[in-house]
Amino acid sequence: KVKLEVINMESLEDSGLMLVDSNFRDTVHVTVRGRDEVIAGIGSDDFTATLDFSKVESEKDSRIRIDGPYTDLGDITIMRVNPTYIEVNVDKIKEETFPIELEVNENLNSNYKIINTSYSPEVVKLRDMETLIDDLGSVKAVVNVDNTSGSLSINKTLGVYNKKGEIMPSLSKEVDVDVELEFAKEVGVD
């Protein structure tokens, strides 16, 4: 078994791409032929094999041909390499601006009402895999208010939800939102 040296991973981002899954095969099997005394003394460190991500040009490129393996040992012949390519899964990078929705869950005394809400920022720019960005349904700052009077100023991390309303944890920690709420007591006038 020969360990693959991974190079030029940064070239994916330069091409507007990112790796969907980094759990790809990282070794190749090498079959060699040579004199018994030479073969008895060789190990996997005597070979180099390279997985070069600069070969990936689009999200449709799902196979990278392995460079090598190479060796400095002159008295052996590399008969077979298995596999000769590695399967990878890449996606386009997409950046889009989304409005932030403020969701206030209130549990106030019956005579208190929220009279003013404000938050900043009101939009957020998110950048990730195109498939994730295209599945994004909403971006929310969710505030729970219990029996408060006067005003409340808090900092909330955004919740990013897909179109089914499920949280998308990989995108949900992007931006903090400053939220300000004002409350007033409702009084009856006779």
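Residues numbered from 1 in each chain as written. Predicted model: local features only at pLDDT ≥ 70, side-chain atom pairs only at ≥ 80, totals over all residues. Heavy atoms only, no water.

1. As for the pattern of salt bridges
Item 1. Within this structure, the stated rule accounts for 12 salt bridges.
Item 2. Asp75 is the partner of Arg35 in a salt bridge, and the nearest nitrogen-oxygen pair spans 3.4 Å. Here Arg35 is found in the loop between strand E3 (27–34) and helix H2 (36–39), whereas its partner Asp75 is found in the loop between strand E6 (67–71) and strand E7 (76–82), with 40 residues between them in sequence.
Item 3. Look at the salt bridges and you will find they share partners, linking Glu13, Glu95 and Arg127 into a network. (Salt bridge = Lys/Arg side-chain N within 4 Å of Asp/Glu carboxyl O. Helix = DSSP H or I, 4+ residues; strand = E, 2+ residues; numbered from the N terminus.)

2. With respect to the nonpolar core
Item 1. Ranked by size, the top nonpolar core spans 21 residues in total, and within it Val28 and Phe53 carry the most contacts.
Item 2. Mapped onto this core, the elements with two or more residues apiece are strand E1 (2–7), strand E2 (17–19), E3, strand E4 (47–52) and E7.
Item 3. Counting residues per element, this core draws most heavily on E4, which supplies 3 residues.
Item 4. Of all hydrophobic cores here, the second largest spans 18 residues; its members include Ile100, Val124, Leu126 and Leu181. (Core = buried A, V, L, I, M, F, W, Y, C linked by side-chain atoms within 4.5 Å. Buried < 20%, exposed > 50% of the residue type's maximum accessible area, 1.4 Å probe, protein only.)

3. Comments concerning the sheet that holds E6
Item 1. An order of E6-E4-E1-E3-E7 is seen for the 5 strands of this open sheet, with the pairing classed as mixed. The sheet is open, and its two borders are formed by E6 and E7, each paired with just one other strand. Here the strands of the sheet are splayed against their neighbours by 35° on average, with no regard to which way each runs.
Item 2. Here E1 pairs with E4 via 4 bridges, running parallel. The residue bridging Glu5 from the neighbouring strand is Thr50, located in E4. (Pairing = 2+ DSSP bridges. Axes fitted to C-alpha atoms, helices over the stretch in contact; angles between N-to-C directions.)

4. Quick notes on the pairing of E1
Item 1. The pairing of E1 with E3 spans 2 bridges and is antiparallel. Each bridged residue has a counterpart across the sheet, and for Val2 the counterpart in E3 is Val28.

5. Some thoughts on the packing of aromatic side chains
Item 1. In this structure the tally under the stated criterion is 1 aromatic pair.
Item 2. The side chain of Lys140 reaches across the aromatic face of Tyr161, ending 5.2 Å from its centre. (Phe/Tyr/Trp six-rings, centres within 6.5 Å; stacked < 30°, edge-to-face > 60°. Lys NZ or Arg CZ within 6 Å of the ring centre and 35° of its normal.)

6. Some thoughts on the environment of Asp36
Item 1. Along the chain, the position of Asp36 falls in helix H2.
Item 2. In this structure, the C-alpha to C-alpha distance between Asp36 and Lys60, residues 24 residues apart in sequence, is 44 Å.

7. Structural notes on a negative patch on the surface
Item 1. On the surface, Asp176, Asp178, Glu180 and Glu182 cluster together into a negatively charged patch.
Item 2. In this fold, Asp176 is placed in strand E15 (residues 176–185). (Patch = residues over 30% accessible without salt bridge, like charges linked within 9 Å, V, L, I, M, F, W, Y side chains within 5 Å. Areas by Shrake-Rupley, 256 points an atom, 1.4 Å probe, with all protein chains shown as cover. Lys, Arg positive; Asp, Glu negative; His and termini not counted. Charge placed at Lys NZ, Arg CZ, Asp CG, Glu CD.)

8. Here we look at the side chain of Asp52
Item 1. As for its position among the elements, Asp52 is in strand E4.
Item 2. Of the buried charged residues, Asp52 lacks a salt bridge, with Lys55 as the closest side chain of opposite charge at 5.7 Å.
Item 3. Apart from residues no more than four positions distant in its own chain, Asp52 is found in contact with Ile7, Asn8, Ile64 and Asp67. (Contact = heavy atoms within 4.5 Å.)

9. Looking at the confidence of the model for the chain
Item 1. On average, the chain scores 84 in pLDDT, and the residues at 70 or more come to 92%.
Item 2. Looking across the chain, the model is least confident in strand E13 (residues 151–157), with a mean pLDDT of 73, and most confident in helix H3 (residues 130–134), with 92. (pLDDT = per-residue confidence, 0-100.)

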